[in-house]
Structures are given as structure tokens and as C-alpha cells.
Amino acid sequence: MQTVPDEWRDTPSERSDDKGTLPWEGQMLFQRNGTGPPQGVSKDKAHPGKGHEKGVEAERESLMMELTKLVQKTVKESSWWERRGIDCAILAAAFLSLPVAFFLLSSSQVVPFALGMLVMGVAHGVITIKGTHLASHGSLSESQAWGEFWAVFFIEVCGSFTARTGVQAHIKMHHAHTNVIGLGDSSTWKVPSLPRSIYLFIAPLAVPIITPLAALGQLRAHPLSQALRTVLMVSLGVYSQYWLLVHLSGFQSPAITLLCMLVCRAMFSLPYIHVNIFQHIGLPMFSSTRRPKRIYQMTHGVLNLPRNPLLDWIFGHSLINCHVEHHLFPFLSDNMCLKVKPIVSKYLKDKELPYQEDSYLSRLRLFFHHYQEFMVYAPPITELVGVQ
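This one's a predicted model, so the numbers in the text were calculated from it and none came from an experiment. (Residues numbered from 1 in each chain as written. Predicted model: local features only at pLDDT ≥ 70, side-chain atom pairs only at ≥ 80, totals over all residues. Heavy atoms only, no water.)

A. Inspection of helix α11 (residues 269-278) at higher detail. Most of α11 is tucked away: seven of the ten residues are buried. When α11 is considered as a whole, its buried residues turn out to be Ser-269, Pro-271, Ile-273, His-274, Val-275, Ile-277 and Phe-278. On the buried face of α11, the contacting elements are α7 (196-201), α8 (207-218), α10 (254-266), α13 (309-315), α16 (360-369) and α17 (371-376). (Buried < 20%, exposed > 50% of the residue type's maximum accessible area, 1.4 Å probe, protein only. Helix = DSSP H or I, 4+ residues; strand = E, 2+ residues; numbered from the N terminus. Contact = heavy atoms within 4.5 Å.)

Here is the structure:
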């Protein structure tokens with residue numbers, strides 16, 4: 001039975017970061033733009049009098065624990081199929097569709113060949129986005145050993161990146177320090193030198209090429225054994241697809257084979273980059289020394305996109321319409337995030353905390369028109385709010 005990890009708990013027993021500061025410690029948060037407290041935070045809570053400080057602080061301490069108990073109860077009442085099985089079945093279906101894709105790609109006719117490209121592109125997206133994300137969180141197995149195996153398999157063999165850096169950057173930085181300036185503020189997704197149209201609509205197509213090159217650049221900080229393993233696993237994943245296209249699909253030209261691989265791997269690169277920037281950049285930022293409690297940090301710094309059948313299937317609910325739930329409870333699977341979504345949204349709204357949602361097109365328009373502000377220049381911090 002899955003239990004609630006300690007890092008979910010908004011208590012003094014939480015782990016400290018490398019500087020000795022509690023990850024969720026601090027009472028002040030920064031809000032960019034606006035002159036009042038964050039949406040959903042009353043003025044009494046943002047600027048309480050001295051006589052109310054103890055009561056407000058006690059309430060802030062208990063909010064995350066109260067929500068955690070509600071979510072934990074739902075998790076305990078859920079079957080293995082709900083907790084992990086549905087997501088594992090989706091990943092299995094992606095792998096099982098690959099022989100069909102290779103068969104269709106052997107056709108000389110345009111329609112079957114195009115269908116084969118689509119099937120392989122979708123399968124690759126499910127495996128390398130949904131699979132690597134779940135594997136990085138250890139959500140595919142309750143066994144630690146199997147969890148490490150799946151992390152290496154999905155992140156290195158399938159995703160062409162280093163598992164150690166992927167987990168370190170995503171779990172220990174992005175999740176632990178969500179929207180904290182200089183730590184988990186999504187700076188890795190910003191390329192200020194690129195014009196907005198190039199960044200939003202063209203540059204993402206190079207992600208399949210950039211990813212393994214970036215992995216090689218990270219190997220200098222790895223032990224030799226792990227560096228060698230990463231090189232072997234990434235090479236195995238890339239060469240396996242190449243070999244299968246040549247021997248199963250009958251590709252004759254190396255250039256055509258590599259082009260097919262690039263198209264399949266880049267098929268969902270645009271929404272992948274978009275989703276990663278839409279859900280954090282442009283939202284409130286936090287000080288690295290004084291930050292709000294975890295539940296305030298995640299509800300102010302994370303945004304949900306609406307349900308989308310295609311992206312829900314390929315990216316997973318935790319990256320699309322349950323991103324708030326995912327950041328509050330990062331070890332839940334995609335399906336469990338969807339199951340606890342009504343509980344989380346109702347609780348946050350009842351407690352007058354923000355539950356941020358926006359459409360894909362709305363966020364795309366926002367970033368296109370405010371590209372300089374969000375992606376080139378650091379978002380300005382205009383006001384300090386919180387417990388004074």
C-alpha cells in the first residue's frame with residue numbers, strides 16, 4: 001500500500017536543503033504585478049495583527065496535513081489498478097503498438113507510411129514523456145530496485161538523457177524549489193537569445209538532437225561507471241530504433257532513416273516545450289531565503305491546463321490537467337492525480353486558496369505577446385506579501 005512520503009508533510013520535521021534551510025520554510029512570498037495579496041489570500045491572512053499571528057500560523061501549518069490526510073485516505077481505498085495499473089497499461093500499449101508502426105513504415109504507399117509515422121510518433125511520445133516522468137518519480141513500482149531500473153530504462157534508453165541528472169533536476173530542484181528564484185524557477189527552459197516565433201514554434205523541433213548532446217555535457221559530473229552506463233544506454237536506445245527501421249521497415253538510405261527518427265521523436269516537441277513553460281513561468285516567484293509554506297508555494301506557483309484527450313494520453317494527467325495535484329503530491333501516478341483532483345480542488349477553494357487553471361491557447365497567446373517579459377527578462381517582483 002502506498003503511503004504518504006515525509007516530504008509531503010508541512011511540518012518542522014521536513015528535510016533540509018543543502019544550505020540547511022527547510023525546503024518549505026519562510027513566511028513571505030513574492031507576487032509579481034498587483035498591489036494586494038495573492039488571489040485567494042485574504043488581507044487578514046496577508047497582513048494579520050499581532051494578536052492573530054499565532055492562530056494564522058497554526059492554520060498554515062495544518063492545511064497541508066489536513067489535505068494530505070484526505071488524499072491519503074483516497075489512495076488507501078484505491079486498488080493497484082487505479083494506483084499504478086492504468087498508467088502501466090497505457091505504457092504497455094505504446095510498446096505493443098511499435099511493431100504495427102514498423103510494419104506500416106515498410107509500405108511504399110503514402111497513407112500507410114504516414115499512419116506508421118503517426119503511430120510511432122505517438123508511441124514515442126507516450127514512452128519518452130509520460131514514461132520518463134512517471135519513472136523519475138518512482139511511480140511505476142513500489143519496489144525501490146525496480147524504480148531505479150525503470151528510471152534508467154525510460155530516461156536513458158528511451159529518453160536519451162542521463163537518469164541521475166534528470167532525477168536531480170526534476171525531483172530535487174524543480175519540485176523541491178518550485179518557482180524559487182535561482183533554484184526551481186524554470187530557468188532551464190528560457191533561451192533569451194531566440195526570437196519568440198523561433199522559440200515557440202521552431203526551436204522545439206531540435207529537442208531530439210539537443211537532448212542526447214545535453215546528456216553528454218552532464219557526464220563530466222558523473223562517476224565513471226554511471227557515465228559509461230549512460231553512454232551505453234543512450235546509444236542502445238538510438239541504435240535500436242535505427243536498426244529496426246533498417247531491418248523491419250526496409251529503409252535503405254541512412255539519411256532517410258535518421259530523418260524518420262527525427263520526425264517521430266520531434267512530433268510532440270512543440271507542446272512539450274509549451275507545457276513546461278505555461279505551467280510555471282509568469283506565475284508568482286519566491287525568495288530563496290524566505291518562502292511560503294508548501295501548500296502556498298504550490299498553489300501560487302503551479303497552473304493546470306484543461307483536459308485534452310491527446311495530451312492526457314501522451315503526456316499524462318500530472319503534466320496537463322492535474323499539475324497542481326502533482327506538485328502537491330508528486331509521487332502519485334497520473335491516474336491517481338486525476339482521481340484526487342476533485343478532492344484537492346474543492347479543499348483549496350473551500351480554504352480560499354488559489355486553484356489556477358487556464359487554457360492552452362490562452363497561455364500561448366499570453367507568452368507570445370509577453371515573451372520579452374516572461375522569457376527574456378526576469379519576471380519583476382513588485383510587491384512583498386505574506387506574514388509580516
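B. Structural context of helix α6 (residues 163-175). Among the residues making up α6, those that are buried are Ala-163, Thr-165, Gly-166, Ile-171, His-174 and His-175. On the buried face of α6, the contacting elements are α4 (110-136), α5 (144-158), α8, α9 (224-247), α12 (294-301) and α14 (323-328).

C. View of the packing of helix α3 (residues 80-105) against α4. Their axes nearest at 8 Å, the elements α3 and α4 cross at an angle of 150°. When the axis of α3 is compared with that of α4, the two are roughly antiparallel. Regarding α3 and α4, the two cross each other, and that crossing is left-handed. Here the residues of the contact of α3 with α4 are counted per class, giving 19 nonpolar, three polar and two charged. (Axes fitted to C-alpha atoms, helices over the stretch in contact; angles between N-to-C directions. Parallel < 35°, antiparallel > 145°, perpendicular 65-115°, else oblique. Left-handed = near helix turned anticlockwise from the far one by under 90°. Nonpolar A, V, L, I, M, F, W, Y, C, P; charged D, E, K, R; others polar.)

D. Region of interest: a nonpolar patch on the surface. Taken together, Ile-209, Leu-213, Leu-216 and Val-231 make up a surface patch of nonpolar side chains, about 360 Å² in accessible area. Per-element accounting of the nonpolar patch gives the leading share, three residues, to α8. Mapping Ile-209 onto the fold places it in helix α8. When its relative accessible area of 47% is taken as the criterion, Ile-209 is described as partly exposed. (Patch = residues over 30% accessible without salt bridge, like charges linked within 9 Å, V, L, I, M, F, W, Y side chains within 5 Å. Areas by Shrake-Rupley, 256 points an atom, 1.4 Å probe, with all protein chains shown as cover. Salt bridge = Lys/Arg side-chain N within 4 Å of Asp/Glu carboxyl O.)

E. Here's a closer look at the pattern of salt bridges. What the rule picks out here adds up to eleven salt bridges. Residues Arg-84 and Glu-142 are paired through a salt bridge, measuring 3.8 Å at the closest nitrogen-oxygen approach. Here Glu-142 lies in the loop between α4 and α5 and Arg-84 lies in helix α3, a separation of 58 residues in the sequence. On the accessibility criterion, Arg-84 (6% relative accessible area) is buried. Accessibility expressed as a relative area gives 45% for Glu-142, which makes it partly exposed. Residue Arg-229 is joined to Glu-156 by a salt bridge in which the shortest nitrogen-to-oxygen separation is 2.9 Å. Of this pair, Arg-229 sits in helix α9 while Glu-156 sits in helix α5, and the two are 73 residues apart along the sequence.

Nothing here speaks to function; it is geometry throughout.
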